[in-house]
Amino acid sequence: MFYFWVISKYMQTWRRFFDVTVLLTLLGIIIGVAVMIVAMASFSGFQETLQQALIEVIGDVSIYKQGGKIDNIEALEKEVEPYMGDAEGAMRFLSQESLFASKGKISAVLVQGVDKETAYKVLNMEGRKVSGQISWALKDEIPAAFIGKDLLAKMNLKVGDTFRI
C-alpha cells in the first residue's frame, strides 16, 4: 500500500517526477548497466580464450598419481576410455620439478615429458610455437626440448642452444 502512495505522489506532478536528481539517477543507472554488460561480454571472451589456451596446453583432464608413476598405465587407459567421449586422444606425460641451468644462470622449472607419438593429437604444438621448428630428432645424442618464451628470454637463449636440467 505504501508503494502505491509513493507512486501516486510522484505521478501527480510530472514536473517533480522529471526533476534533475531523478534524471541524473536514471542516467547513472543506465550507464552502470551498460558498463556491466560490456565488462561481462569482454570477460566472457577472455574466459573462453583462456580456457581454450589451457586445454591446448594441458588437455581437458589430467590423471596424476601422488608420489610416483602410475604402475599399470594400460589398465588405467582401458578404464578411462569409456568416459573420453569426443576427446581427440590421450597422452602419457611425466611432470617433475627441476633446476634449469644455462650460461651461468639457474632457474627453477617444471619439466614435462610427453609421448611424441600422441603429442600432436592432444597438444596444439604448431599453434603454440613462437620460433624454430618442432623436431624430436636427437642432436649430438641430446634429446629435443621445447621451452616457453618467458624462460627463453630470462635465460637469454635462442633456438639451438643447449642447457642442463
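Residues numbered from 1 in each chain as written. Predicted model: local features only at pLDDT ≥ 70, side-chain atom pairs only at ≥ 80, totals over all residues. Heavy atoms only, no water.

*Asks:* Give a description of unusual backbone geometry that names residues and reports values.
*Replies:* Backbone geometry places Lys 103, a non-glycine residue, at a positive phi of 55°. Considering the arrangement of structural elements, one finds Lys 103 in the loop between strand 1 (93-102) and strand 2 (105-114). For Asn 156, which is not a glycine, the phi torsion comes out positive at approximately 55°. On the basis of relative accessibility, which here comes to 53%, the residue Asn 156 falls in the exposed class. (Helix = DSSP H or I, 4+ residues; strand = E, 2+ residues; numbered from the N terminus. Buried < 20%, exposed > 50% of the residue type's maximum accessible area, 1.4 Å probe, protein only.)

*Asks:* Which residues make up a nonpolar patch on the surface, and what are the values?
*Replies:* On the surface, Val 20, Leu 24, Leu 27, Ile 31 and Val 35 cluster together to form a nonpolar patch covering roughly 480 Å² of accessible area. Position of Val 20 relative to the elements: it lies in helix 3 (residues 20-58). (Patch = residues over 30% accessible without salt bridge, like charges linked within 9 Å, V, L, I, M, F, W, Y side chains within 5 Å. Areas by Shrake-Rupley, 256 points an atom, 1.4 Å probe, with all protein chains shown as cover. Salt bridge = Lys/Arg side-chain N within 4 Å of Asp/Glu carboxyl O.)

*Asks:* Account for the pairing of strand 2, with residues named and values stated.
*Replies:* Two elements, strand 1 and strand 2, share 10 bridges in a ladder whose sense is antiparallel. From the neighbouring strand, Phe 100 faces strand 2, where its bridge partner is Ser 107. (Pairing = 2+ DSSP bridges.)

*Asks:* A description of the side chain of Ser 102 should follow, citing residues and the corresponding values.
*Replies:* Relative to the assigned elements, Ser 102 resides in strand 1. Residues within four places of Ser 102 in sequence aside, it is in contact with Met 155, Leu 157, Thr 162 and Phe 163. (Contact = heavy atoms within 4.5 Å.)

*Asks:* Go over the pattern of salt bridges, please, and point to the residues and values.
*Replies:* Within the structure shown, the criterion is met by 2 salt bridges. Among the ionic pairs, Asp 161 bridges to Lys 103, the shortest N-O distance being 3.4 Å. Of this pair, Asp 161 sits in the segment after helix 7 (149-154) while Lys 103 sits in the loop between strand 1 and strand 2, and the two are 58 residues apart along the sequence. A residue is classified by how much of its surface remains accessible, and Asp 161, at 24% relative accessible area, is partly exposed. For Lys 103, a relative accessible area of 52% puts it in the exposed group. The salt bridge partner of Asp 161 is Lys 158, with a shortest N-O separation of 3.8 Å. For Lys 158, a relative accessible area of 56% gives the class exposed. Overlapping salt bridges, with partners in common, bring together Lys 103, Lys 158 and Asp 161 in one network.

*Asks:* Explain the environment of Gly 89 to me, using residue names and the numbers behind them.
*Replies:* By secondary structure assignment, the location of Gly 89 is in the loop between helix 4 (73-80) and strand 1. For the pair Gly 89 and Thr 118, spaced 29 residues apart in the sequence, the C-alpha separation amounts to 7.5 Å. Filtering out sequence-adjacent residues up to four positions away, Gly 89 remains in contact with Met 84 and Val 122.

Spatial relationships are all this shows, so hold off on functional conclusions.
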